[in-house]
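Listed below, chain by chain, are the residues.
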Amino acid sequence: MSWSKRREPMPKNVQRIIHALYILAGSTILAVSYNLFLLPNRIASGGLSGFATIFYEMTGTEPAITLWSLNIPVFIAGILLLGGWKYGGKTLAGTLFVPLVIYLTRNVEPAVNDPLLAALFGGIGVGAGLGLVFRAYASTGGTDLIAQIIHKYTGASLGACVFIMDGLIVTTSAFVFSLEFALYALIALFVTGKTIDVVQTGVGYAKVALIITRQEQAVQEAILNQVDRGVTRLSGEGGYTQDPRPVLMCVVQQNEVTKLKQLVQTTDTQAFVVVTNATEVLGKGFKI
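Only a predicted model underlies this, so the values are computations on that prediction, with no experimental measurement involved. (Residues numbered from 1 in each chain as written. Predicted model: local features only at pLDDT ≥ 70, side-chain atom pairs only at ≥ 80, totals over all residues. Heavy atoms only, no water.)

1. A closer look at the pattern of salt bridges
(1) Moving on: Counted according to the given criterion, the structure contains three salt bridges.
(2) Moving on: Glu57 is paired through a salt bridge with Arg42; the nearest N and O atoms lie 3.6 Å apart. Here Glu57 is found in helix α2 (residues 47-59), whereas its partner Arg42 is found in the loop between α1 (12-38) and α2, with 15 residues between them in sequence.
(3) Moving on: Overall, the relative accessible area of 36% leaves Glu57 in the partly exposed class.
(4) Moving on: A residue is classified by how much of its surface remains accessible, and Arg42, at 33% relative accessible area, is partly exposed.
(5) Moving on: The salt bridge involving Arg233 is made with Glu216; its shortest N-O contact spans 3.3 Å. Here Arg233 is found in strand β2 (residues 232-234), whereas its partner Glu216 is found in helix α9 (residues 216-227), with 17 residues between them in sequence.
(6) Moving on: With a relative accessible area of 46%, Arg233 lands in the partly exposed category. (Salt bridge = Lys/Arg side-chain N within 4 Å of Asp/Glu carboxyl O. Helix = DSSP H or I, 4+ residues; strand = E, 2+ residues; numbered from the N terminus. Buried < 20%, exposed > 50% of the residue type's maximum accessible area, 1.4 Å probe, protein only.)

Here it is, written out as structure tokens:
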């Protein structure tokens with residue numbers, strides 16, 4: 001099979017502009033979703049924005065003011081404790097811009113008044129916004145930086161630190177609001193995570209097929225000619241016999257899986273095939 005020519009890398013100036021647009025668009029979507037869905041329905045779905053929701057309920061302080069008051073010291077602490085300007089202007093931009101948009105859109109009317117719908121739509125909006133920011137290799141600061149500081153000085157895993165902080169915020173919301181609203185917050189948190197994955201890796205899952213066959217040459221040629229997909233030959237060894245056992249690896253789209261399995265089965269009825277998900281594939285025939 002012929003391969004396309006190697007693409008020239010994107011100019012750095014163009015890349016910076018694209019990343020800046022990602023940060024601005026993502027921060028805007030996140031902030032507007034917060035005001036449209038989460039805040040008016042008292043859903044504190046983790047992070048400093050969740051804390052700002054709780055603090056607003058208790059004191060009436062504007063969430064934007066709370067976020068600025070917390071995000072800026074956390075960002076400075078990240079610079080001092082985590083090794084200089086590692087997070088750079090991108091994170092600072094997200095840290096400052098999200099509260100700004102929250103403040104500017106503070107008077108918008110809630111889009112829905114049903115907490116469950118608010119949790120779903122708010123989770124999607126926040127996840128889409130964060131996904132775009134992450135695609136620019138940036139962050140909105142907040143609990144992400146706090147988690148990394150705790151991780152550095154305690155040795156606790158980064159995932160555990162984020163989970164604990166989000167858990168504390170959701171638990172606090174159960175006391176400030178109700179157990180029901182804490183459940184809505186968990187739903188929003190779950191939807192946010194899934195939406196981030198979709199924005200980062202796309203909605204289409206490719207499939208990886210691992211084929212163990214004694215007729216590897218025939219199977220390989222059949223896949224190349226009839227499925228029009230590349231095949232990588234891996235070295236394997238039988239666990240019991242210790243005989244050499246080549247493994248063919250092939251990545252296909254979802255709609256090509258059935259054709260691939262039927263083709264392998266027709267070529268070698270004794271072939272052993274394992275098919276699993278590939279959440280993101282980069283290269284010819286897939287994402288470039």
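2. Here we look at the side chain of Thr213
(1) Moving on: Of note, Thr213 is situated in the loop between β1 (206-212) and α9.
(2) Moving on: A polar contact is formed between the side chain of Thr213 and the backbone nitrogen of Gln215, at a distance of 2.9 Å.
(3) Moving on: A distance of 2.4 Å separates the side chain of Thr213 from the side chain of Asp268, its partner in a polar contact.
(4) Moving on: Ignoring sequence-local partners within four residues, the contact set of Thr213 consists of Val219, Pro246, Leu248, Asp268 and Ala271. (Polar contact = N/O pair within 3.5 Å; in protein donor to acceptor, adjacent residues only side chain to side chain. Contact = heavy atoms within 4.5 Å.)

3. Topic: the sheet that holds β2
The pairing of strands in a sheet comes from backbone hydrogen bonds and takes either a parallel or an antiparallel form.
(1) Moving on: Pairing within the open sheet is antiparallel, and its four strands lie in the order β2-β3-β1-β4. What marks the edges here is a single partner per strand, and that holds for β2 and β4 (272-278). Sheet twist, expressed as the mean angle between neighbouring strand axes with direction ignored, is 25 degrees.
(2) Moving on: Here three bridges tie β2 to strand β3 (residues 247-252), and the two strands are oriented antiparallel to one another. Looking at the pairing, Leu234 lines up with Val247 of β3.
(3) Moving on: Where α9 meets the sheet, its contacts fall on β1, β2 and β3, and the angle it forms with β3 comes to roughly 15 degrees. (Pairing = 2+ DSSP bridges. Axes fitted to C-alpha atoms, helices over the stretch in contact; angles between N-to-C directions.)

4. So, the pairing of β1
(1) Moving on: Burial analysis of β1 places five of its seven residues in the buried class, the great majority of the element.
(2) Moving on: With seven bridges connecting them, β1 and β4 associate as antiparallel partners. Across the sheet, residue Val208 finds its bridge partner in β4, namely Thr276.
(3) Moving on: Bridge count for β1 against β3 is six bridges, and the pairing is antiparallel. Bridge pairing in β3 places Leu210 opposite Met249.

Keep in mind these numbers describe shape, not what the thing actually does.
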